[in-house]
Amino acid sequence: MLVRAGVRSTVVASAADRETAQWSPPLLAELVAELHDRRGVVEGAGADFTRIPALPAQRAGDGVDDPFGRGTTVARGGRPTMPAVSPNVQLRTSADILTPPAGTEPLIFDRTIDSLRGVPVSDLAPHVSPTVISRLEGAGVSSVFDVLMRVPRAYVDRSMLTPLANLSPGAEATFTGIIVGRTINREKRYVRFTVADGTARITCTYFNATWMTHVLRDRDVVVVQGVVGEFNGRPQMSNPIIERLEDASSILIPIYPQSTIRDLATGKRDKELTTGMLRAAATAALQRIPEIDDPVPAPLIAHRQVMSRLEAIRAVHVPDSAAHAAAGRARMAYDELLRLQLALGVIRNAQAAASGITHQPSGTLVDAWMKALPYTLTGAQRRAIDEIRTDLTTASPMNRLLMGDVGAGKTAVTVAAALMAIEGGYQACLLAPTEILARQHFQEISAALGPLGLTVDLLVSKSLPRPRRAVLQALEAGTSHLVIGTHSILQDTVVFRRLGLAMIDEQHRFGVDQRAQLLAKGPGGVCPDVLQATATPIPRTSAITTYGDMAVTVLDEKPAGRVDVATDWIPDAPFDDPNAPPWRAIREEVRNGHQAFVVCSRVDSAGKQSETRSAAAATETADLLNSGVLAGLTVATVHGKQKPEERQQIMDAFTRGSIDVLVATTVIEVGVSVPNATVIVVLDANRFGLAQLHQIRGRVGRGRHPGRCWLVCESSGADTEARMTAMTSTNDGFELAEMDLQIRGAGALTGTEQSGHDARLRVADLMRDARIHLAARDDARRILDRDPQLTRHLTLKREVDLALGDDAQYLTRG
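Residues numbered from 1 in each chain as written. Predicted model: local features only at pLDDT ≥ 70, side-chain atom pairs only at ≥ 80, totals over all residues. Heavy atoms only, no water.

**A look at the overall build of the protein chain**
Turning to step 1, where the next piece is worked out: In terms of helices and strands, the protein chain carries 25 helices and 26 strands.
Turning to step 2, where the next piece is worked out: The 814 residues of the protein chain split such that 52% are buried.
Turning to step 3, where the next piece is worked out: Of all intrachain contacts in the protein chain linking residues separated by at least 6 positions in sequence, the fraction that spans at least 24 positions is 70%.
Turning to step 4, where the next piece is worked out: Accessible surface, the protein chain as shown: approximately 35,400 Å² in total, 49% of it carbon and sulfur. (Helix = DSSP H or I, 4+ residues; strand = E, 2+ residues; numbered from the N terminus. Buried < 20%, exposed > 50% of the residue type's maximum accessible area, 1.4 Å probe, protein only. Contact = heavy atoms within 4.5 Å. Areas by Shrake-Rupley, 256 points an atom, 1.4 Å probe, with all protein chains shown as cover.)

Here is the structure:
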């Protein structure tokens, strides 16, 4: 009527832009007011005014909310003032929202959650618009399964809304309001909305998002969540979450992770999969899913008192309360972790049933070696050796992880394991991640085993103690008892006569495929026993998943006399300031007859570590120190771009004490042991991870003298501060590992990735869900005790296989 009457206003334009079913209550209230204000024009255009609703009571001047309870406040005199948005919007329960519209057909699937992987999001039409379907597909959300597993990252609690007048700069806030203005700058590619709620107004600016003007229009009622900023004394927000507030919302509004979509034609990221789109898709999908089978045994469901699977998914996407949403998420997390623990358990059972090597250690070599040691083994080392002996004498292949902190004595345990294999007539190998570490192991172990009449060989890229051909011939003939090396051991030309024990040091430095290559070198295709070692302690919550198919031995004692390394964090240590604490400490320690390390940061190029640039940085640092604050001391450099023989010569000179200060890249991160080194300075320490810093720090304090570590870096954010504070607070590697898990994330549980918070889990989180994780492990054991290969639980087995996909193969490898 208003359009026919020639009325042109913001309200009329806003109403004309959408279908009548999309008119919000505030818009309806303003249209009624507009009609009454222009009654004469409207009646002149032939409208029957008796059909127009009466004005709300507040038009008489009482100033209360409109009858819809959700929209504008109209003051005496007729036109709306700055709109006020009441939090008391008419709400519906999850059951109301999920009731399918009349005539809606259920989705076609076989009632299993995994069959929804085959239901494309296009099947959600016409209840989901073509635009939303296109955005879902563009963001990689291609199936209904993907939609339902993309769980909200947070919920807006509409009972905890903040009036705009009460916003504080720097605080995170959620509020509702009405869009009262829009500005778009296509040249600079930003759009700015002005939002008001009757008490105040705020601007919300979005960059590279001019498409938003097609989604949000004037007079839209919106919910906004973000951090409040300030510009020219006025409140503002940059890129907050914003969306239209439907008049039938539940009290908890799910907020999903949003995705920016790259246009394949232009390469520009100018489209967005918004939280509103995801919510619409999830709601539409759940309205068309009447049932989902639950393959978890009913006794476990009853024991854990958890929701059914469908109830849980509904509660996560359309909750009635925070507790409702949390319970749903807990069940979904339980399902993920149960699947993973079942996979690990099946593998564990299969390994136990496999035929392996039954070793027959006599104890003669181990006893002779132990008597010659200049120190006494710790109780933890003796327990570890006993556990390994038990594994070696059983028919099942050993698959054990030896985990210990820096300096806990892992090398001695690996030597004992090798001797037990050799006593029974088998060969052993030790794979190390770097040539420096391999050479150091060779020097120490060959010196210890030579008097026992054993042949120990080294296999690295160059400069071997004896010709490579002779080493290869000895391994194939069985006259070489133990070979220590790097990736060179994995080459096809390396053939063992009777490889009975494969040991991998710093196992996290090797890929799963490389470890599989080593295990394939067993006698007659039989898998050798496997002992993996790591000086990077792993939190229990991560270890029971990452190494759920392995036995774990922990060395939780340090050799007698080993003291903690004192650690300090300072923002800067200029090369021209001789009074900077690190340089002063180095000069003092050298005067006392000790040595020092200076470690240069890793240098990245194109997203990968550049050894060339790192080497250049180390060389430049050494020159500056040599001519500046450490002038007069003997300073040398080691880095990965040097020839192996040159690098080894420098390391040997440092070990002998001929070099005072060694400037190095991360080539000295693991295994380097120089007891006379007492100070280490780590430059740009913020570029290292927490576990790596702990390893680097472990290069000092390895003898009778206490060590000192200086971490040098400016604070570059909360992550840096967390890592530096952790390093200065403890020397306990296991405690640091827990902190690292919180800061950096658990890493991928399967496959080849080893960092990141997703851990290949869509819902569960290893830190947040530790209790659920342990419960899932216990329940997996209950199931597998009666059904070791899940042959009685085929639906559950199929879920396990599909959940892991191609990565299932990695769980069978070390």
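**A word on the sheet that holds strand β18 (residues 551-555)**
Turning to step 1, where the next piece is worked out: Reading across from one edge, β14-β15-β13-β16-β17-β12-β18 is the order of the 7 strands in this open sheet, with parallel pairing throughout. The open sheet is flanked by β14 (456-459) and β18, the only strands paired with a single partner. Taking each pair of neighbouring strands and ignoring which way they run, the sheet shows an average axis angle of 20°.
Turning to step 2, where the next piece is worked out: Strand direction decides the pairing type here: strand β16 (residues 499-504) and strand β17 (residues 529-534), joined by 4 bridges, are parallel. (Pairing = 2+ DSSP bridges. Axes fitted to C-alpha atoms, helices over the stretch in contact; angles between N-to-C directions.)

**Some remarks on the packing of helix α14 (residues 435-449) against helix α20 (residues 644-656)**
Turning to step 1, where the next piece is worked out: Running from N to C, α14 and α20 cross one another at 55°; their axes reach a closest spacing of 11 Å. Classified by the interaxial angle, the pair formed by α14 and α20 is oblique. In terms of crossing hand, the pair formed by α14 and α20 is right-handed. In contact with Glu-435, Ile-436, Arg-439 and Gln-443 of α14, α20 contributes Pro-644, Arg-647, Gln-648, Met-651 and Asp-652.
Turning to step 2, where the next piece is worked out: By residue class, the composition of the contact of α14 with α20 is 3 nonpolar, 2 polar and 4 charged. (Parallel < 35°, antiparallel > 145°, perpendicular 65-115°, else oblique. Left-handed = near helix turned anticlockwise from the far one by under 90°. Nonpolar A, V, L, I, M, F, W, Y, C, P; charged D, E, K, R; others polar.)

**Concerning the environment of Ala-780**
Turning to step 1, where the next piece is worked out: Note on placement: Ala-780 falls in helix α24 (residues 770-786).
Turning to step 2, where the next piece is worked out: The spatial distance from the C-alpha of Ala-780 to the C-alpha of Gly-345 is 7.3 Å, given a sequence separation of 435 residues.
Turning to step 3, where the next piece is worked out: If sequence neighbours within four positions are ignored, Ala-780 has contacts with Leu-338, Gln-341 and Leu-342.

**Thoughts on the pattern of salt bridges**
Turning to step 1, where the next piece is worked out: Counted by the stated rule, this structure contains 23 salt bridges.
Turning to step 2, where the next piece is worked out: Across the salt bridge formed by Arg-182 and Asp-218, the nearest N and O atoms sit 3.7 Å from each other. Here Arg-182, found in strand β2 (residues 172-185), pairs with Asp-218, found in the loop between β4 (201-207) and β5 (221-227); they are 36 residues apart in sequence, far enough to count as distant.
Turning to step 3, where the next piece is worked out: Residue Asp-769 is joined to Arg-329 by a salt bridge in which the shortest nitrogen-to-oxygen separation is 2.8 Å. In this pair, Asp-769 is assigned in the loop between α23 (733-744) and α24 and Arg-329 in helix α10 (residues 322-353), connecting sequence segments 440 residues apart. The pair formed by Asp-769 and Arg-329 is uniform in burial state, with each residue classed as buried.
Turning to step 4, where the next piece is worked out: Shared partners join several salt bridges into a network, and the residues in it are Asp-294, Arg-309, Arg-331, Asp-335, Arg-339 and Glu-799. (Salt bridge = Lys/Arg side-chain N within 4 Å of Asp/Glu carboxyl O.)

**Here's the deal with the nonpolar core**
Turning to step 1, where the next piece is worked out: Ranked by internal contacts, the top residues of the largest apolar core, which has 62 residues, are Leu-116, Val-144, Leu-148, Ile-289 and Leu-342.
Turning to step 2, where the next piece is worked out: Of all elements in the fold, only α5 (130-138), α6 (144-149), α7 (275-287), α8 (298-304), α9 (309-317), α10, α24 and α25 (794-804) reach the threshold of two or more residues within this core.
Turning to step 3, where the next piece is worked out: Element by element, the count of residues in this core is highest for α10, at 8 residues.
Turning to step 4, where the next piece is worked out: Ranked by size, the runner-up nonpolar core spans 60 residues in total, among them Leu-475, Val-494, Leu-519 and Leu-555. (Core = buried A, V, L, I, M, F, W, Y, C linked by side-chain atoms within 4.5 Å.)

**Points about the environment of Arg-723**
Turning to step 1, where the next piece is worked out: Mapped onto the elements of the fold, Arg-723 is located in helix α22 (residues 718-729).
Turning to step 2, where the next piece is worked out: You can call Arg-723 buried: its relative accessible area is 8%.
Turning to step 3, where the next piece is worked out: The spacing of Arg-723 and Leu-690 is 33 residues in sequence and 5.9 Å in space, taken between C-alpha atoms.
Turning to step 4, where the next piece is worked out: A polar contact of 3.1 Å, which involves the side chain of Arg-723, links it to the backbone oxygen of Asn-686. (Polar contact = N/O pair within 3.5 Å; in protein donor to acceptor, adjacent residues only side chain to side chain.)

**Concerning the sheet that holds β5**
For sheets, the rule is that strands pair by backbone hydrogen bonds, running either parallel or antiparallel.
Turning to step 1, where the next piece is worked out: Spatially, 7 strands are ordered β6-β7-β4-β3-β2-β5-β8 in an open sheet, and the strand pairing comes out mixed. Two strands lie at the open edges of the sheet, namely β6 (229-231) and β8 (241-244), each paired on one side alone. Strand-to-strand, the axes of this sheet are offset by a mean angle of 40°, without reference to chain direction.

**Some remarks on the pairing of strand β20 (residues 595-599)**
Each regular strand displays side chains that alternate between the two surfaces of the sheet.
Turning to step 1, where the next piece is worked out: With respect to burial, β20 is a largely interior element, 5 of its 5 residues being buried.
Turning to step 2, where the next piece is worked out: Here β20 shows no split at all, with Gln-595, Phe-597 and Val-599 on one side and Ala-596 and Val-598 on the other all buried.
Turning to step 3, where the next piece is worked out: Here 5 bridges tie β20 to strand β25 (residues 677-683), and the two strands are oriented parallel to one another. Bridging across to β25, Ala-596 finds its partner in Val-679.

**Re unusual backbone geometry**
Glycine aside, residues mostly have negative phi, and peptide bonds are mostly found in the trans state.
Turning to step 1, where the next piece is worked out: Cis geometry is adopted by the peptide bond preceding Pro-126, which originates at Ala-125 and carries an omega value of 5°.
Turning to step 2, where the next piece is worked out: With respect to the helices and strands, Pro-126 occurs in the loop between α4 (94-97) and α5.
Turning to step 3, where the next piece is worked out: For Asp-684, which is not a glycine, the phi torsion comes out positive at approximately 50°.
Turning to step 4, where the next piece is worked out: In this structure, Asp-684 sits in the loop between β25 and α21 (690-697).

**Some remarks on the environment of Val-366**
Turning to step 1, where the next piece is worked out: Mapped onto the secondary structure, Val-366 falls in helix α11 (residues 364-372).
Turning to step 2, where the next piece is worked out: Sequence separation between Val-366 and Leu-452 is 86 residues; the distance between their C-alpha atoms is 9.8 Å.
Turning to step 3, where the next piece is worked out: Filtering out sequence-adjacent residues up to four positions away, Val-366 remains in contact with Ala-416, Leu-419, Met-420 and Glu-423.

**Structural notes on α14**
Turning to step 1, where the next piece is worked out: The end-to-end C-alpha distance of α14, which contains 15 residues, comes to 20 Å, matching closely the 21 Å that a straight helix rising 1.5 Å per residue would cover.
Turning to step 2, where the next piece is worked out: Looking at α14, one finds that the buried residues are Glu-435, Ile-436, Leu-437, Ala-438, Arg-439, Gln-440, His-441, Phe-442, Ile-445 and Leu-449.
Turning to step 3, where the next piece is worked out: Elements that come into contact with the buried residues of α14 comprise α11, α13 (410-423), β13 (427-431), β14, β15 (482-485) and α20. (Expected span 1.5 Å × (residues − 1).)

Distances and angles like these do not, on their own, reveal function.
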